[in-house]
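Each chain, letter by letter, is given below.
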Amino acid sequence: MKSNRIIIFDTTLRDGEQCPGASMNLREKLEVARQLARLKVDVIEAGFPVISDGDFEAVHTIAKEIKGPIICGLARCVTKDIDAAGAAVKPAGKKGRIHVFLATSKIHREFKLGKAQDAILRLAVEGVKRAKSWVHDVEFSPEDASRTEPEFLIEVCKAVVKAGATVVNIPDTVGWAVPEQYGALIKRLFDSVPEFKSGKAIISVHCHNDLGLAVANSLAAIHNGARQVECTVNGIGERAGNAALEEIVMATQTRSDFYSGFSCGVNSKEIVKSSRLVSRMSGLIVQRSKAIVGENAFAHSSGIHQDGILKKRETYEIMDPQKVGWGKTELPLTKHSGRAAVAVRLKHLGFKMTEADVNALFAKFKEIGDKKKFVYDEDLVTLVEGQITEVPETWTLHYLSVTTGTNVVPTATVRLTKAGVKKGEVETFEDAGIGDGPVDAALKAIDRLTRTRGKLRDYSLRSVSEGKDALGEVTVKADFGNGQLVTGKGASTDIIEASARAYLNAMNRFLCDRKRALPAEQP
Ligand code: KIV
Ligand code: ZN
């Protein structure tokens, strides 16, 4: 029996986080999970617990703190993975799910696993049974399903459902499928496995975007019997990403004539807020023309379009921007606004903060209020997110002076303090550097002081709000020698200072992650 409720399974914190340089710390993941709960997704895949202590802790904390959605942990078909996932999702009780995966395609069987079909079938069934000993709700994914021989795929589906899987996911792992063919595959599975027809188990889809078809494939699957769609906010994920949550949700809502009767529980008004939070927490910028959540998604520049919109909005606008959370902002605050006004605005923006957090934020608000005439909601959000992305500071910026111009060599003088091994102990270092430009000079001075040679792989600057006095937010991705990208963020009305802060944020994050200090002596 086909129910027409589509389950939205969000994997921003698992597949999304697999994007190079997108890794988030516990506080960042928790903040994203809170927003996903406000967005009212049905399932949050919170991570891959066996991978590291950090991943385990994130899934465990999310399972303990987030109420509403099902909390899911990923596991290979291996006992230690499944047990780690089971222990991590335990605090979610009946709302805990284990997602077990094992590759089934010929190419993966032969070249990756070195296993024949019967061994794969046996391992899949054993994995599902092991997961069932932890939770009732077990999802199984035959990895690279879209390139698996359909007859074998049907056999796998039947076997795992019989072993107790409540959801069978059909991943298009390498983004190889095209909509007509993928839809036909889902229909064939739906018609071949009695438990899919009876509703005892459901088909899920998980599409990657290598050919730009992830959303189209997912939508084709819905029409052919799939009832769970796996997706990520902003479509972030491995390689070209996953199906974008906002596009799936708004396609089915906007074209309810075509997807008649289908519905999901997502609160679309939270989409833009979710997009911005994920972008800032992951350091992955949303392109301006991105559907639904890009800056230009509802901007009409041509005169003909503007004229049409003024006469009747629907002439050129198929969705109401307010339905996805674009809307008018509240009156801005100023330096004269008091702590209570700031606290009320933060609550209105959806942040749950302790009194100590509000106090710390209020001090920063006052600093900004002194520099700019108005403090907009976007400025406040940037300040809060700055607090969330803070990491223990090994190195702190205390002073920065830059000389630059058309006929001078850009020079930066920087003073940093370094937290000592003993609590409360700090050392001060000062040096100057020259560079191709003021940012280069400042970062080179920081490198000399900290004895690092970080490679800047990506640098972006955006204006947080409007006006010439706007806060500039810099996001950097740097490699500090181990080949891994670390994201750092910094905001200031001075973009050179924002750049230095972003670079130091990345360095502190690297040091924190590695729990490894750089040499203490002054260069
Ligand atoms: O793309 C994929 O196959 C996956 C599985 C783990 C579901 O992410
Ligand atoms: Zn995937």
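What comes next concerns the included structure. It should be emphasised that the depicted structure is a prediction, and the values quoted were computed from it without experimental measurement.

Along the protein, the regular secondary structure elements total 17 helices and 14 strands. In terms of overall dimensions, the protein is globule-like: its C-alpha atoms have a radius of gyration of 25 Å, near the 24 Å expected for 523 residues. Considered along the principal axes of its C-alpha atoms, the protein spans approximately 75 × 65 × 45 Å. Looking at the protein as a whole, 53% of its 523 residues qualify as buried. By sequence separation, contacts in the protein at least 24 residues apart represent 67% of the contacts at least 6 residues apart.

This part is about the coordination of the zinc ion (ligand 2). Around the zinc ion (ligand 2), the protein supplies Asp-15 (OD), His-206 (NE2) and His-208 (NE2) as donor atoms, at distances of 2.0 to 2.1 Å. Counting along the primary sequence, the residues that act as donors to the zinc ion (ligand 2) give the motif D-x190-H-x1-H. With a gap of 193 residues between them, Asp-15 in the loop between strand E1 (7–10) and helix H1 (26–39) and His-208 in the loop between strand E7 (202–207) and helix H9 (214–222) connect regions that are remote in the sequence. Residue Asp-15 is classed as buried on the basis of its relative accessible area, which comes to 2%. Look at His-208 and you get buried, because its relative accessible area is 4%.

In total, this model carries eight aromatic pairs according to the counting rule given. With a centroid separation of 5.8 Å and 45 degrees between ring planes, the pair formed by Phe-480 and Tyr-503 is classed as tilted. Taken as a pair, Phe-480 in the loop between strand E13 (472–479) and strand E14 (485–492) and Tyr-503 in helix H17 (residues 495–514) lie far apart in primary sequence, 23 residues in all. For Tyr-503, a relative accessible area of 1% puts it in the buried group. In textbook terms, an aromatic cluster arises when at least three aromatic residues are bridged by ring pairs, as seen for Phe-258, Tyr-259 and Phe-262. The cationic tip of Arg-415 hangs over the ring face of Tyr-399; the distance from NZ or CZ to the ring centre is 4.9 Å.

All right, on to the pairing of E14 then. The element E14 is extensively covered by neighbouring structure, given that six of its eight residues are classed as buried. Pairing geometry for E13 and E14, over eight bridges, is antiparallel. Its bridge partner lying in E14, Val-476 is registered against Gly-488. Following E13, the chain reverses through five residues before pairing antiparallel with E14; Gly-481 in that reversal takes a positive phi of roughly 115 degrees.

The next point concerns the site of ligand 1. Taken together, Arg-14, Asp-15, His-99, Phe-101, Ser-141, Glu-143, Asn-169, Pro-171, Thr-173, His-206 and His-208 form the complete shell of residues around ligand 1. Arg-14 places a side-chain nitrogen or oxygen 2.9 Å from an oxygen atom of ligand 1. Between ligand 1 and Thr-173, the relevant distance is 2.6 Å, taken from an oxygen atom to a side-chain nitrogen or oxygen of the residue. For ligand 1, the protein covers 93% of the area, taking 260 Å² as the surface of the free molecule.

Moving on, we come to the packing of helix H13 (residues 339–348) against helix H15 (residues 377–388). Interhelical geometry of H13 versus H15 gives an angle of 85 degrees and a closest axis separation of 11 Å. Judged on the interaxial angle alone, H15 and H13 are roughly perpendicular. Here Val-342, Arg-345 and Leu-346 of H13 lie close against H15, whose contacting residues are Asp-377, Leu-380 and Val-384. Residue composition of the contact of H13 with H15, grouped by class: four nonpolar, no polar and two charged.

A few words on a nonpolar patch on the surface. A cluster of nonpolar residues, Leu-456, Tyr-459, Leu-461 and Ile-495, forms a patch on the protein surface that exposes about 320 Å² of accessible area. Considering every element that reaches the nonpolar patch, the biggest residue donor is strand E12 (residues 455–463), with three residues. Secondary-structure assignment places Tyr-459 in strand E12.

With that out of the way, let us pick up the pairing of strand E3 (residues 70–76). Of all seven residues making up E3, six are buried, and the element is well covered by its neighbours. The sheet contact formed by strand E2 (residues 43–47) and E3 spans four bridges and is parallel. For Ile-44, the partnering residue across the bridge sits in E3 and is Ile-71. A crossover connection joins E2 to the parallel E3 through helix H2 (residues 53–65); in handedness this β-α-β unit is right-handed. Where E3 meets strand E4 (residues 96–103), six bridges bridge the pair, whose relative direction is parallel. In the sheet register, Arg-76 faces E4, and the bridge partner there is Phe-101. Each parallel crossover has a hand, and for E3 linked through helix H3 (residues 79–89) to E4 it is right-handed.

Along its 12 residues, H15 runs 17 Å from first to last C-alpha, staying within 8% of the 16 Å computed at 1.5 Å per residue. Burial analysis of H15 places 10 of its 12 residues in the buried class, the great majority of the element. Looking at H15, one finds that the buried residues are Asp-377, Asp-379, Leu-380, Val-381, Thr-382, Leu-383, Val-384, Glu-385, Gln-387 and Ile-388.

By volume, the largest pocket amounts to about 1,500 Å³. Together, 47 residues line the largest pocket, and Val-272, Arg-276, Gly-325, Trp-326 and Glu-378 are the ones closest to its centre. Those elements that provide at least two residues to the lining of the largest pocket are H1, helix H11 (271–282), H15, E12 and E13. Taken together, the residues that form the lining of the largest pocket break down as 13 nonpolar, 16 polar and 18 charged. Volume-wise, the second largest pocket comes out at about 1,100 Å³.

Definitions and limits used
- Residues numbered from 1 in each chain as written.
- Chains lettered and ligands numbered in written order.
- Predicted model: local features only at pLDDT ≥ 70, side-chain atom pairs only at ≥ 80, totals over all residues.
- Heavy atoms only, no water.
- Helix = DSSP H or I, 4+ residues; strand = E, 2+ residues; numbered from the N terminus.
- Rg over C-alpha atoms; globule rule 2.2 N^0.38 Å.
- Buried < 20%, exposed > 50% of the residue type's maximum accessible area, 1.4 Å probe, protein only.
- Contact = heavy atoms within 4.5 Å.
- Donors = N, O, S within 2.8 Å, 3.2 Å for Na, K, Ca; no water.
- Phe/Tyr/Trp six-rings, centres within 6.5 Å; stacked < 30°, edge-to-face > 60°.
- Lys NZ or Arg CZ within 6 Å of the ring centre and 35° of its normal.
- Pairing = 2+ DSSP bridges.
- Near = heavy atom within 4 Å.
- Polar contact = N/O pair within 3.5 Å; in protein donor to acceptor, adjacent residues only side chain to side chain.
- Areas by Shrake-Rupley, 256 points an atom, 1.4 Å probe, with all protein chains shown as cover.
- Axes fitted to C-alpha atoms, helices over the stretch in contact; angles between N-to-C directions.
- Parallel < 35°, antiparallel > 145°, perpendicular 65-115°, else oblique.
- Nonpolar A, V, L, I, M, F, W, Y, C, P; charged D, E, K, R; others polar.
- Patch = residues over 30% accessible without salt bridge, like charges linked within 9 Å, V, L, I, M, F, W, Y side chains within 5 Å.
- Salt bridge = Lys/Arg side-chain N within 4 Å of Asp/Glu carboxyl O.
- Right-handed = clockwise from strand over helix to strand, strands pointing away.
- Expected span 1.5 Å × (residues − 1).
- 1 Å grid on protein atoms, 1.4 Å probe; cavity = no way out; pocket = protein on both sides within 12 Å on 5 of 7 lines; lining within 4 Å.
- Points joined across faces, edges and corners; volume = space filled by probe spheres on them.

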